Amino acid sequence: MKKEHILIPEPNSKFLKISCKECEKENIVYSHASTHVTCKSCGNVIAEPRGSKARIIGKVLGTVE
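What you are looking at is a predicted structure, and each value in this text was computed from that prediction instead of being measured.

S.K.: What should I look at first to understand the side chain of S19 in this one?
M.R.: With respect to the secondary-structure elements, S19 resides in strand β1 (residues 15-19). Reaching out from S19, the side chain makes a polar contact with the side chain of E24 at a distance of 3.3 Å. Residue contacts for S19: discarding those within four places in its chain leaves E24, K25, G58, K59 and L61.

S.K.: For this particular structure, what's the right way to read the UniProt feature "binding site: Zn(2+)" (unreviewed entry) in the protein chain?
M.R.: Under the UniProt annotation, the feature "binding site: Zn(2+)" (unreviewed entry) is placed at C20, C23, C39 and C42. With the annotated positions falling across 23 residues, the maximum pairwise C-alpha distance of 8.9 Å places them together in a single cluster. Relative to the helices and strands, C20 resides in the loop between β1 and β2 (26-30). Classification of C20 as buried rests on a relative accessible area of 3%. Assignment of secondary structure puts C39 in the loop between β3 (37-38) and β4 (45-48). Using a relative accessible area of 3% as the deciding quantity, one classes C39 as buried.

S.K.: Help me understand the packing of aromatic side chains in this model?
M.R.: Describing an aromatic ring pair means giving the distance of the ring centres and the angle of the ring planes. All chains considered together, the criterion is met by one aromatic pair. Arranged with centres 5.2 Å apart and planes meeting at 50°, the rings of F15 and Y30 form a pair that is tilted. With a gap of 15 residues between them, F15 in strand β1 and Y30 in strand β2 connect regions that are remote in the sequence.

S.K.: In this structure, what is going on with the sheet that holds β2? I would like to understand it.
M.R.: In a beta sheet, neighbouring strands pair by backbone hydrogen bonds and run either parallel or antiparallel. The three strands lie next to each other as β2-β1-β6, forming an open sheet whose pairing is antiparallel. Among the strands making up the open sheet, the edge pair consists of β2 and β6 (59-63). In this sheet, neighbouring strand axes are inclined to one another by 35° on average, regardless of whether the strands run parallel or antiparallel.

Cut-offs and rules
Each chain has its residues counted from 1, following the order in which its sequence is written. Per-residue local features are limited, in this predicted model, to residues with pLDDT of at least 70; the limit for side-chain atom pairs, both in listing and counting, is 80 or more; totals at the level of whole chains, interfaces and linings are taken over all residues. Remark: hydrogens and water are excluded; side-chain values derive from all non-hydrogen atoms of the structure. By the criteria applied, helices consist of DSSP H or I runs no shorter than four residues and strands consist of E runs no shorter than two, each listed in order from the N terminus. As used in this structure description, the phrase polar contact means that two N or O atoms lie within 3.5 Å; if the pair is within protein, one of them must be able to donate a hydrogen and the other to accept it, and residues adjacent in sequence are counted only when both atoms belong to side chains. Any two residues having at least one pair of non-hydrogen atoms within 4.5 Å are treated as being in contact. UniProt positions are given in the numbering used here, feature names are shortened, and annotations may be inferred rather than shown by experiment. Burial classes: relative accessible area under 20% of the type maximum marks a residue as buried, over 50% as exposed, and values in between as partly exposed (1.4 Å probe, protein chains only). Pairing of aromatic side chains requires ring centres within 6.5 Å, counting the rings of Phe and Tyr and the six-membered ring of Trp. Pairs whose planes differ by under 30 degrees are stacked, by over 60 edge-to-face, and all others tilted. We treat two strands as partners when DSSP finds at least two bridges between them. Geometry is summarised by axes, namely lines fitted to C-alpha atoms with helices restricted to the contacting stretch, and by angles between N-to-C directions that run from 0 to 180 degrees.

Rendered as structure tokens:
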């Protein structure tokens, strides 16, 4: 196979910028988090592990490049 035809695999996971529901502070969370992630200012849970992708509790503002 020629080099032009070989696809480069890209990851399905991303770092997400999330706004907390309670205090509206922005936090950066991994999309496939394996532990509970809490807000740094108020301490509320903003991401829960669900096997592969984490359940996001809050508003996703975008991805971090």
